[in-house]
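Listed below are the residues making up each chain.
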Amino acid sequence: MDRKGLIESLKERKFSKQIVGAFSKVKRENFVPEDVKYLAYEDEALPIGKGQTISQPYTIALMLSLLELKKGQKVLEVGSGCGYVLALLSEIMGKKGKIFGVEIIHELAEKSRKNLKGYENVTVHIGDGKIGIREEAPFDRIIISAGYKKIPKLLTGQLKEKGIIVAPLGTKYGQSLISYKKINGELKLKKEVPGFIFVPLVD
Ligand code: SAH
């Protein structure tokens, strides 16, 4: 598949204009290693080095739609890898949006900073994303891009009231994409879509 084909398939699956628009602006080939560039527009996960993967475009589109993003919001991605999802978020959130990534593997974080040159509303931190970014909290939206058993407590604390958090939750053999909304300080289940396998969020 080429870039056009990928965009058409996202349109057919009824993703919003903003989301499809972001996928057509951001070149996935710029975020994957040289040897897999020819596969950049296949709708599949690809290796990004260090045993990690960039998620399948369809899965990313689904997570972005579950987040119910609005322009200008402050968003945190935990497990930001090579920065592809951060670039998509940057396009969707617009100039007034603020996007933060946390990545635990130094080399990937450094690579993402290079990949994201020119994206002025994106900042990448290095460290354990389970503790969030205290000095930037609270966030309107949080997306966790690696599989885990439950939402880490500190991240719930860093989510604004009425904020939404999306994460793949389950075991290492399989997860559901789950979205929660924070109401009166507690996470209330909004939606659950089963059938995914993400790389694990490491302790
Ligand atoms: N969304 C990313 C890819 C996600 S893969 C992209 O667009 O490229 C999941 C990422 O989570 C990996 O890069 C992995 O190193 C990172 N990760 C795993 N455990 C983590 C943790 N505790 N804190 C921060 N990042 C973590």
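Just so it is clear, the structure is predicted and the values come from calculations on it, not from any experiment.

> I tried to follow the site of the ligand on my own but got confused; where do I start?
Taken together, 26 residues lie around the ligand, and Glu77, Glu103, Asp128, Gly129 and Val202 are the ones closest in. Within the backbone of Tyr84, an N or O atom sits 3.4 Å from an oxygen atom of the ligand. When isolated, the ligand has an accessible area of 580 Å², and the protein chains bury 99% of it. Of the pockets mapped on this structure, the ligand occupies the largest pocket. Elements with a contribution of two residues or more to the shell around the ligand: strand S2 (52-54), helix H4 (84-93) and strand S4 (98-103). Residues that form the shell around the ligand fall into these classes: 13 nonpolar, nine polar and four charged.

> Please explain the environment of Ser65 as it appears in this structure.
The topology assignment puts Ser65 in helix H3 (residues 57-66). With 53 residues separating them along the chain, Ser65 and Gly118 place their C-alpha atoms 25 Å apart. Contacts of Ser65, omitting those with residues within four sequence positions, involve Phe15 and Ile19.

> What is the right way to look at the sheet that holds S4 in this model?
Sheet strands pair by backbone hydrogen bonding; their relative direction is either parallel or antiparallel. The strand order S5-S4-S3-S6-S7-S8-S9 describes an open sheet built from seven strands, whose pairing is mixed. Of all strands in the sheet, those with a lone pairing partner are strand S5 (122-126) and strand S9 (186-196), marking the two edges. In this sheet, neighbouring strand axes are inclined to one another by 15 degrees on average, regardless of whether the strands run parallel or antiparallel. Note: S4 against S5, five bridges, orientation parallel. From the neighbouring strand, Gly101 faces S5, where its bridge partner is Val124. Strands in contact with H3 are strand S6 (139-144), strand S7 (159-171), strand S8 (174-183) and S9; relative to S8, the strand with the most contacts, it is inclined by about 15 degrees. Packing of helix H5 (residues 106-115) onto the sheet brings it into contact with S4 and S5, and relative to S5 it is tilted by some 165 degrees.

> For this particular structure, what's the right way to read the layout of surface pockets?
Estimated volume of the largest pocket: approximately 500 Å³. Surrounding the largest pocket, 36 residues form its lining, Thr53, Gly79, Ser145, Ala146 and Val199 being those nearest its centre. Among the secondary structure elements, those contributing two or more residues to the lining of the largest pocket are S2, H3, strand S3 (74-78), H4 and S4. No other element matches the three residues that S2 contributes to the lining of the largest pocket. Residue composition of the lining of the largest pocket, by class: 20 nonpolar, 12 polar and four charged.

> Which parts of the structure should I look at to understand the pattern of salt bridges?
Between side chains of opposite charge, a pair can form when the charged atoms approach closely. Evaluated as defined, the whole model comprises 10 salt bridges. Where Lys190 meets Glu68, a salt bridge forms, and the shortest distance between an N and an O atom there is 3.2 Å. Of this pair, Lys190 sits in strand S9 while Glu68 sits in the loop between H3 and S3, and the two are 122 residues apart along the sequence. You can call Lys190 partly exposed: its relative accessible area is 38%. A relative accessible area of 36% places Glu68 in the partly exposed class. For Glu110, the salt bridge identified is with Arg113, shortest N-O distance 3.7 Å.

What counts and how
- Residues numbered from 1 in each chain as written.
- Predicted model: local features only at pLDDT ≥ 70, side-chain atom pairs only at ≥ 80, totals over all residues.
- Heavy atoms only, no water.
- Near = heavy atom within 4 Å.
- Polar contact = N/O pair within 3.5 Å; in protein donor to acceptor, adjacent residues only side chain to side chain.
- Areas by Shrake-Rupley, 256 points an atom, 1.4 Å probe, with all protein chains shown as cover.
- 1 Å grid on protein atoms, 1.4 Å probe; cavity = no way out; pocket = protein on both sides within 12 Å on 5 of 7 lines; lining within 4 Å.
- Sits in = over half its atoms within 2 Å of the grid points.
- Helix = DSSP H or I, 4+ residues; strand = E, 2+ residues; numbered from the N terminus.
- Nonpolar A, V, L, I, M, F, W, Y, C, P; charged D, E, K, R; others polar.
- Contact = heavy atoms within 4.5 Å.
- Pairing = 2+ DSSP bridges.
- Axes fitted to C-alpha atoms, helices over the stretch in contact; angles between N-to-C directions.
- Points joined across faces, edges and corners; volume = space filled by probe spheres on them.
- Salt bridge = Lys/Arg side-chain N within 4 Å of Asp/Glu carboxyl O.
- Buried < 20%, exposed > 50% of the residue type's maximum accessible area, 1.4 Å probe, protein only.

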